[in-house]
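# Structural description and commentary
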Amino acid sequence: MLQQLSSSDERFKTIVFKPGRNILIAEKTDRSSGTDSRNGAGKSSIIEILHFLLGMRGLTGSVLQKAALQPNRFTLLLDWSGIPDGLTASRSLNRRSRVGLEPNVAAGAALVQTTGEATVPEWVTVIGRDLFGFPDEHSGISARTLLGLYIRRVSQHGMDDAVKTFPTQSIAEATTNAAYLLGLDWRLAAGYQQLAGRESLRRKLKVATKDPAFGLIVGTVSELRGQVAATTVRVRHLEKQVAAFRVVPEYELLQGRADEIDARIRRTRAEDASDRRNLQDLQDALHDEREPQADYLRRAYQELGIALPDAVLRKYEDVQSFHESVLTNRRAYLEEEVGGTLARLHARQVEREQLGEEQSGLLRALHDGGALDAFTALQDQLSRARSELHTITIRFETAKQLEATQAEIKFERSRLQQEINRDLVEREQHIAEINILFQRFATALYGPGRDAYVDIAALDTSLRISPHIGGENSQGIGKMVIFCFDLTCAVLAHRGGRGPDFLVHDSHLFDGVDERQVAEALKLASEIAVEEGLQYIVTMNSDDLAKVEQYDDGLVSDVIEPRLTDAYEDGGLFGLHFE
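Criteria and cut-off values
Residues numbered from 1 in each chain as written. Predicted model: local features only at pLDDT ≥ 70, side-chain atom pairs only at ≥ 80, totals over all residues. Heavy atoms only, no water. Pairing = 2+ DSSP bridges. Helix = DSSP H or I, 4+ residues; strand = E, 2+ residues; numbered from the N terminus. Axes fitted to C-alpha atoms, helices over the stretch in contact; angles between N-to-C directions. Contact = heavy atoms within 4.5 Å. Parallel < 35°, antiparallel > 145°, perpendicular 65-115°, else oblique. Nonpolar A, V, L, I, M, F, W, Y, C, P; charged D, E, K, R; others polar. Buried < 20%, exposed > 50% of the residue type's maximum accessible area, 1.4 Å probe, protein only. Lys, Arg positive; Asp, Glu negative; His and termini not counted. Salt bridge = Lys/Arg side-chain N within 4 Å of Asp/Glu carboxyl O. Core = buried A, V, L, I, M, F, W, Y, C linked by side-chain atoms within 4.5 Å. Phe/Tyr/Trp six-rings, centres within 6.5 Å; stacked < 30°, edge-to-face > 60°. Polar contact = N/O pair within 3.5 Å; in protein donor to acceptor, adjacent residues only side chain to side chain. Left-handed = near helix turned anticlockwise from the far one by under 90°.

### Comments concerning the sheet that holds strand 12 (residues 559-565)
Taken together, four strands build an open sheet; the order of strands is 10-11-3-12 and the sheet is parallel. Each end of this open sheet is capped by a strand with a single partner; those strands are strand 10 (502-505) and strand 12. Here the average twist between neighbouring strands, direction ignored, is 15°. Pairing between strand 10 and strand 11 (residues 535-541): four bridges, direction parallel. Note on strand 11: the bridge partner recorded for Val504 is Ile537. On the sheet, helix 14 (residues 475-495) packs against strand 10 and strand 11 and is oriented at approximately 165° with respect to strand 10.

### A short note on the sheet that holds strand 5 (residues 83-92)
If you trace the six strands from one edge of the open sheet to the other, you get 2-1-4-5-6-7, paired in antiparallel fashion. Taken across any chain shown, the strands that pair with only one partner, and hence form the sheet edges, are strand 2 (15-16) and strand 7 (116-119). Note that strand 5 and strand 6 (residues 95-102) share four bridges and pair antiparallel. Within the sheet, the bridge partner assigned to Ser90 lies in strand 6 and is Gly100. Against the sheet, helix 1 (residues 43-53) contacts strand 1 (2-7), strand 2, strand 4 (73-80), strand 5 and strand 6, and its axis sits at roughly 75° relative to strand 4. With respect to the sheet, helix 2 (residues 120-130) is in contact with strand 4, strand 5, strand 6 and strand 7, its orientation differing from that of strand 7 by roughly 95°.

### Regarding the packing of helix 2 against helix 3 (residues 143-150)
Interaxial distance between helix 2 and helix 3 falls to 9 Å at its minimum, and their mutual angle equals 65°. Taken as axis vectors, helix 2 and helix 3 run roughly perpendicular relative to one another. The residues of helix 3 that touch helix 2, namely those facing Val124, Ile127 and Gly128, are Ala143, Arg144 and Leu147. Here the residues of the contact of helix 2 with helix 3 sort into four nonpolar, one polar and one charged.

### Some words on unusual backbone geometry
If a residue is not glycine, its phi is most likely negative; likewise, a peptide bond is most likely trans. A cis geometry characterises the amide bond from Glu102 onward to Pro103, with omega recorded as -5°. Positionally, Pro103 belongs in the loop between strand 6 and strand 7. In the segment running from Glu561 into Pro562, the intervening peptide bond is cis, with an omega of 0°. Despite not being glycine, His157 has its phi angle at roughly 55°, a positive value. Within the secondary structure, His157 sits in the loop between helix 3 and helix 4 (171-182). Since its relative accessible area comes to 45%, His157 is described here as partly exposed.

### Considerations on the pairing of strand 8 (residues 452-458)
By the criterion of burial, strand 8 is predominantly enclosed, with five of the seven residues buried. Alignment of strand 8 against strand 9 (residues 463-469), held across seven bridges, turns out to be antiparallel. Across the sheet, residue Val454 finds its bridge partner in strand 9, namely Pro467.

### Notes on the side chain of Lys479
Relative to the helices and strands, Lys479 is located in helix 14. Although buried, Lys479 forms no salt bridge, and the nearest oppositely charged side chain, Asp511, lies 5.0 Å from it.

### Regarding the nonpolar core
Counting residues in each nonpolar core, the largest one holds 123 residues, and the members touching the most others are Leu64, Trp123, Phe132 and Phe483. Of the residues forming this core, the biggest block, 13 residues, is contributed by helix 14. Setting aside its immediate chain neighbours within four residues, Trp123 contacts Leu53, Leu54, Gly55, Trp80, Leu87, Ala89, Val99, Leu101, Val105 and Ala118. One finds Val228, Leu238, Leu389 and Phe396 within the second-largest nonpolar core, a separate group that totals eleven residues.

### Thoughts on the packing of aromatic side chains
Scanning all chains against the criterion turns up eleven aromatic pairs. When the centroid spacing of 5.6 Å and the interplanar angle of 25° are considered together, the rings of Trp80 and Trp123 count as stacked. Of this pair, Trp80 sits in strand 4 while Trp123 sits in helix 2, and the two are 43 residues apart along the sequence. The residues Trp80 and Trp123 share a single accessibility class, namely buried. Ring geometry for Phe483 versus Tyr536: centroids 6.1 Å apart, planes at 85°, classification edge-to-face. Remark: Tyr536 occurs in strand 11 and Phe483 occurs in helix 14; sequence separation between them is 53 residues. Look at Tyr536 and you get buried, because its relative accessible area is 2%.

### Looking at the side chain of Asp506
Relative to the assigned elements, Asp506 resides in the loop between strand 10 and helix 15 (515-532). For Asp506, which is buried and forms no salt bridge, the nearest opposite charge comes from Lys43, at a distance of 6.6 Å. Only 2.7 Å separates the side chain of Asp506 from the side chain of Ser44, close enough to count as a polar contact.

### Quick notes on the environment of Arg57
The topology assignment puts Arg57 in the loop between helix 1 and strand 4. Judged by its relative accessible area of 54%, Arg57 is exposed. Non-local contacts of Arg57, meaning those with residues more than four positions away in its chain, are made with Arg91, Arg96, Val120 and Pro121.

### A look at the pattern of salt bridges
Overall, the coordinates contain 25 salt bridges when judged by the stated rule. In this structure, Glu117 and Arg98 form a salt bridge, with 3.7 Å as the shortest nitrogen-oxygen distance. Of this pair, Glu117 sits in strand 7 while Arg98 sits in strand 6, placing them 19 residues apart in sequence. Residue classification places Arg98 among the partly exposed residues on the basis of a relative accessible area of 25%. Among the salt bridges present, the one from Arg415 reaches Glu419, with a minimum N-O distance of 3.0 Å. With Arg415 and Glu419 both in helix 12 (residues 406-426) and four residues apart, this pair spans about one turn of that helix. Judged by its relative accessible area of 29%, Glu419 is partly exposed. Three or more residues are tied together by salt bridges with common partners; here these are Arg264, Glu271, Asp272, Arg348 and Glu351.

### As for the packing of helix 13 (residues 428-446) against helix 14
Remark: helix 13 packs on helix 14, axes separated minimally by 9 Å, with the N-to-C direction vectors making an angle of 135°. By the angle between their axes, helix 13 is oblique relative to helix 14. In this structure, helix 13 meets helix 14 at a crossing whose hand is right-handed. Between helix 13, through Glu433, Ile434, Leu437, Phe438, Phe441, Ala442, Leu445 and Tyr446, and helix 14, the contact on the second element is made entirely by Gly476, Ile477, Met480, Val481, Phe483, Cys484, Phe485, Leu487, Thr488, Val491, Leu492 and Arg495. Residue classes in the contact of helix 13 with helix 14 are distributed as 16 nonpolar, two polar and two charged.

Spelled out as structure tokens, the structure:
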């Protein structure tokens with residue numbers, strides 16, 4: 001239940017609520033002039049402030065847009081499950097993105113007893129979880145939409161229809177949320193929203209196909225199916241490469257060393273070729289070396305008849321010794337050169353074998369891994385391929401939705417309609433309970449002579465939830481249909497743990513309603529609040545209350561303080577006048 005509504009502005013008239021029926025009055029003062037109006041007293045402003053504190057985002061059409069109110073920070077104290085002293089929620093108009101919570105029920109379990117702030121979406125999530133008992137997965141229903149049924153906003157035409165809370169709301173969305181409160185299968189009802197989304201997309205795409213560029217942007221299902229398959233294979237291949245890639249920290253150094261070894265091996269082979277040619281020449285020279293002969297010179301002299309003196313012969317012997325010495329030295333030199341060349345060839349062979357082993361190890365390391373920049377480039381390729389796959393997949397899904405025929409959507413609607421019809425048959429007893437409760441409320445207002453029921457049926461486009469009271473073409477009866485329906489939803493939701501224990505009605509709900517029905521409605525609200533442990537809050541003008549007081553003398557006892565007035569400057573809720 002709601003306990004207290006206050007503001008940081010001392011001029012604001014703090015409102016304290018009580019269990020059961022609460023009547024907030026706007027009175028006409030003795031000094032009021034003909035131009036004063038209780039329409040500015042702040043009765044509907046309470047509705048706006050409550051919505052603001054309970055997660056309302058935009059302020060379009062709300063009195064809270066007024067510049068004079070922007071410094072205000074409003075605070076609501078309300079009962080909360082698991083918190084004996086209640087929960088305090090506060091929110092400033094000039095800092096609307098955050099909601100102060102004490103304790104911070106939006107925090108984790110370990111911090112739930114601390115004071116803190118939450119974002120508006122976080123606060124709305126907690127409202128859905130704790131006030132409306134949402135399951136973890138609750139697509140199709142919204143805490144803010146449901147609050148629109150518990151606290152109807154006249155600024156959003158929330159009293160024009162029993163099920164819808166604003167004119168542009170789709171009937172599929174409205175009935176899904178109402179089904180949740182009434183205890184029907186809201187998940188099946190939410191299926192209509194999904195089909196409506198598909199149908200809307202199909203219509204938009206059909207219009208888009210008239211653009212010649214559309215075919216280039218989207219394409220056909222047959223073309224894109226192949227592209228999706230090919231791109232998927234490429235992505236998987238790249239993913240395997242990335243998973244198997246091993247980064248070598250000193251890849252560049254290893255690569256440089258491998259290149260050095262390769263160059264050295266090439267040089268040794270070139271040097272071997274040169275040494276082998278030199279070796280062949282040395283061996284040939286060594287083989288051709290012979291001792292010089294001096295006998296031919298003696299024979300030559302004899303043939304000429306000249307006898308050589310002994311002295312001359314000794315000189316030839318000396319020459320011959322000299323030549324033998326030269327030959328010996330040359331052979332020694334050639335043999336030394338041959339040995340040196342063979343040694344160099346052998347040393348280079350050993351070096352090549354060692355370099356070959358080192359090179360083999362380097363090549364294995366380089367083959368098994370790669371440099372960090374190579375790995376980064378591979379990851380970049382994978383990222384681009386994934387992005388391309390995502391884009392093509394979206395185009396593929398878009399093309400499939402475009403090519404989905406109206407007959408397919410119609411088939412889905414028919415299947416959903418049949419499934420909901422079967423569910424309604426299974427819930428026949430519960431639907432009877434809904435109608436019995438609604439009929440009880442309508443009978444309390446109009447007696448047993450009028451038909452009163454809630455029409456619940458599966459249509460091809462939505463679940464129909466339509467409350468009726470005989471003679472509802474009258475404006476007043478139409479408003480009482482909303483009253484009875486709201487009370488029915490509040491009672492059933494509270495019994496099932498699917499809704500809070502308060503219901504708030506603005507005085508505009510009773511516009512055009514006969515004073516006797518207003519009296520009966522207020523009496524009924526009081527009785528049901530006591531029976532069900534609920535809190536009913538209603539705003540009224542004092543003269544309207546005076547008209548119905550003759551039918552219920554207990555009304556005055558439920559009028560709460562403060563009493564708002566039509567005094568121009570300070571009589572209203574905010575205690576100030578603004579244009």
